Amino acid sequence: MKDIKLVALDLDGTLFDNSSHISERNLTAIRSITDKGIHVVISTGRPFEGIPFNQIKGTGINYAITANGSGIYEISTGKCLYENAMDEELVTPILNFLLTRDIHMDAFIGGKGYTPVQCVETAQKLTVPSSIKNYIITTRTRLDNILQFIHENQLKVQKMTLNFYPAADGTLIDRETVRKFLVSNPSITTVCGGYNNLEFTRADANKGVGLRKLAEILGVNPDATMAIGDTENDLAIIEAAGIGVAMGNATDAVKTRADYVTTTNTKDGVAAAIEHFIL
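It should be emphasised that the depicted structure is a prediction, and the values quoted were computed from it without experimental measurement. Residue numbers restart at each chain and count upward from 1, following the sequence in its written direction. Two thresholds apply to this predicted model, a pLDDT of at least 70 for residue-level local features and 80 or more for giving and counting side-chain atom pairs, whereas whole-chain, interface and lining totals are computed over all residues. Here the side-chain values reflect all heavy atoms present in the structure, with hydrogen atoms and water set aside.

Caption draft 1: Examining the overall build of the chain more closely. Only DSSP runs of H or I covering at least 4 residues are called helices, and only runs of E covering at least 2 are called strands; the numbering of each starts at the N terminus. Counting its secondary structure elements, the chain contains twelve helices and 14 strands. For 279 residues, the compact-globule estimate of 2.2 N^0.38 gives 19 Å, and the chain sits close to it at 18 Å. Taking the principal axes of its C-alpha atoms as reference, the chain extends roughly 50 × 40 × 35 Å. Residues count as neighbours in contact if any of their non-hydrogen atoms are within 4.5 Å of one another. Looking at the chain alone, contacts between residues at least 24 apart form 62% of all its contacts between residues at least 6 apart. Element-wise, carbon and sulfur atoms account for 47% of the exposed surface of the chain, whose accessible area totals about 11700 Å². The sign given to each residue is positive for Lys and Arg and negative for Asp and Glu; His and the chain ends receive no count. By convention, the charge on Lys lies at NZ, on Arg at CZ, on Asp at CG and on Glu at CD. Taking the average place of the 26 positive charges on the side chains of the chain and the average place of its 32 negative ones, the gap between the two points comes to 2 Å. Only C-alpha atoms enter the radius of gyration; for comparison, a globular chain is expected to reach 2.2 Å times N to the power 0.38, where N is the number of residues. Accessible surface area values rest on a Shrake-Rupley calculation with a 1.4 Å probe, where residue burial reflects the displayed protein chains alone.

Caption draft 2: View of the layout of surface pockets. Approximately 500 Å³ is the volume attributed to the largest pocket. With a 1 Å grid laid over protein atoms only, a set of points is called a cavity when a 1.4 Å probe fits there but cannot get out and a pocket when it is open yet has protein on both sides within 12 Å along at least five of seven lines; lining residues have an atom within 4 Å of a point. Every residue lining the largest pocket is counted, 35 residues in all, and those nearest its centre are D12, I132, G193, G194 and Y195. Going through the elements one at a time, α1 (11-15), β6 (104-109), α6 (130-138) and β9 (159-163) are the ones with two or more residues in the lining of the largest pocket. Ranked by the residues each element gives to the lining of the largest pocket, the list is headed by α6, at four residues. Among the residues forming the lining of the largest pocket, the class breakdown is seven nonpolar, 17 polar and eleven charged. Grid points are joined across faces, edges and corners, and a volume is the space filled by probe spheres set on the points. In this classification, the charged set is Asp, Glu, Lys and Arg, the nonpolar set is Ala, Val, Leu, Ile, Met, Phe, Trp, Tyr, Cys and Pro, and all remaining amino acids, among them Gly, are polar.

Caption draft 3: Spotlight on the packing of helix α4 (residues 88-98) against helix α8 (residues 175-183). Simply put, an axis is a line fit to the C-alpha atoms, just over the touching stretch for a helix, and the angle between two N-to-C directions goes from 0 to 180 degrees. Where α4 contacts α8, the axes come no closer than 11 Å and their chain directions differ by 165 degrees. With respect to each other, α4 and α8 are oriented roughly antiparallel. With respect to the hand of their crossing, α4 and α8 are arranged in right-handed fashion. Between α4 and α8, the contacting residues are P93, I94, F97 and L98 on the first element and T177, V178, F181 and L182 on the second. Its residues placed into classes, the contact of α4 with α8 shows seven nonpolar, one polar and no charged. By the definition adopted for this analysis, an angle is roughly parallel if under 35 degrees, roughly antiparallel if over 145, roughly perpendicular if from 65 to 115, and oblique otherwise. The crossing is said to be left-handed when, going from far helix to near helix, the turn is anticlockwise and less than a right angle, and right-handed when the turn is clockwise.

Caption draft 4: Spotlight on the sheet that holds strand β7 (residues 112-116). Two strands qualify as a pair provided DSSP detects at least 2 bridges between them. Spatially, six strands are ordered β8-β7-β6-β9-β11-β10 in an open sheet, and the strand pairing comes out mixed. The open sheet has two edge strands, β8 (141-143) and β10 (188-191), and neither has a second partner. Averaged over neighbouring strand pairs, the angle between their axes works out to 25 degrees when direction is ignored. Inspection of the sheet shows β7 paired to β8 by three bridges, in the parallel sense. In the strand pairing of β8, P116 is matched with L143. Sheet contacts for α8: β9, β10 and β11 (198-202); angle to β11, the most-contacted strand, approximately 15 degrees.

Caption draft 5: Fine view of the nonpolar core. The criterion is simple. A nonpolar core is a set of buried Ala, Val, Leu, Ile, Met, Phe, Trp, Tyr and Cys residues joined through side-chain atoms within 4.5 Å. Categorising residues by exposure relies on relative accessible area from a 1.4 Å probe, with only protein chains included: less than 20% of the type maximum marks a residue as buried, more than 50% marks it as exposed, and the intermediate range marks it as partly exposed. In this structure, V7, L9, L15, L211, M226 and I228 are the most contacted members of the largest nonpolar core, which totals 53 residues. Broken down by element, the residue count for this core peaks at five residues, all from helix α12 (residues 269-277). Discounting chain neighbours no more than four positions away, the residues touching M226 are I4, L6, V7, A8, A241, I243, V245, A273, I274, F277 and I278. Of all hydrophobic cores here, the second largest spans 25 residues; its members include L90, I103, M160 and L198.

Caption draft 6: Focus on the sheet that holds strand β1 (residues 6-9). Ordered in space as β5-β4-β3-β2-β1-β12-β13-β14, the eight strands form an open sheet in which the pairing is mixed. Strands with a single pairing partner mark the edges of an open sheet, and in this sheet they are β5 (79-83) and β14 (260-261). Note that strand β3 (residues 63-66) and strand β4 (residues 71-74) share four bridges and pair antiparallel. Counterpart to I65 in the pairing with β4 is I72. Contacts between helix α9 (residues 207-218) and the sheet are confined to β1, β2 (39-43), β3, β4, β5 and β12 (225-229), with β3 contributing the most and set at about 155 degrees to the helix.

Caption draft 7: Seen up close, α8. Looking at α8, one finds that the buried residues are R175, V178 and L182. Buried residues along α8 cover an arc of 70 degrees about the axis, so they all sit on one side. Along the arc lie the directions from the helix axis toward the C-beta atoms.

Caption draft 8: Molecular detail of the pairing of β4. Side chains G71 and Y73 of β4 all project onto a buried face; the interleaved residues I72 and E74 project onto the opposite face, where all are buried too. Here β3 folds back onto β4, and the loop between the two strands holds four residues, one of which, A67, carries a positive phi near 50 degrees. Here four bridges tie β4 to β5, and the two strands are oriented antiparallel to one another. Looking at β5, one finds that Y73 is bridged to C80. Between β4 and the antiparallel strand that follows it, β5, lie four residues; G78 among them carries a positive phi value of about 75 degrees.

This is the structure in structure tokens:
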């Protein structure tokens, strides 16, 4: 049994139940190990502002790997400790293509979420859980011209998330066209973060790289880490951690490559894994 010093937790489909709520059993397990001096960190595809600050208050969680590893933050101060984002030259031609598609897109910049105003109506058509849809609709800054915003402010994009809605026959409009376009670009990494979305970052950015970077910052041996997740964007961190744990509701690919499969996100799978390996 490894002597775990850091535990990284995905949010959606992992620490969250299907209503984006963290159970009391999960919170109790987290407090039990942070009280022992073990670091518990968030590892999410969300931007920094998408972290459930109120729900994790008092748990001892003070670090977050965000935007699929593109930004690492200290929660108590909001300070960005590490960033590996896409510059304007890389992201502009991709955005020019995406803006011609009938999709919903979010750009994560400086820990915040931005969405082109043309995507407002598309958000209502998405077939995702109501808690996820509400999160997307209510937490984004709407931009009339996202390309101009990036150019004029000389900004870098940590990650982009693309969501698709179904046609009458159930197929997701533009998803396959967009997927082929993205995976043909060797300068970015494209994964699915759940609900048939697509997410992309710089090619050398992922949650696994983020985990190793944060472990270095905190002086933790990477072998003394555990990571828990459920979808494709968690594969890199599950493989990078000393112990990789798949949720019971994880995709088959994640389960196959994990060291251990815990219970589902609706049955306190995070707490079950912490109890099994640490408590």
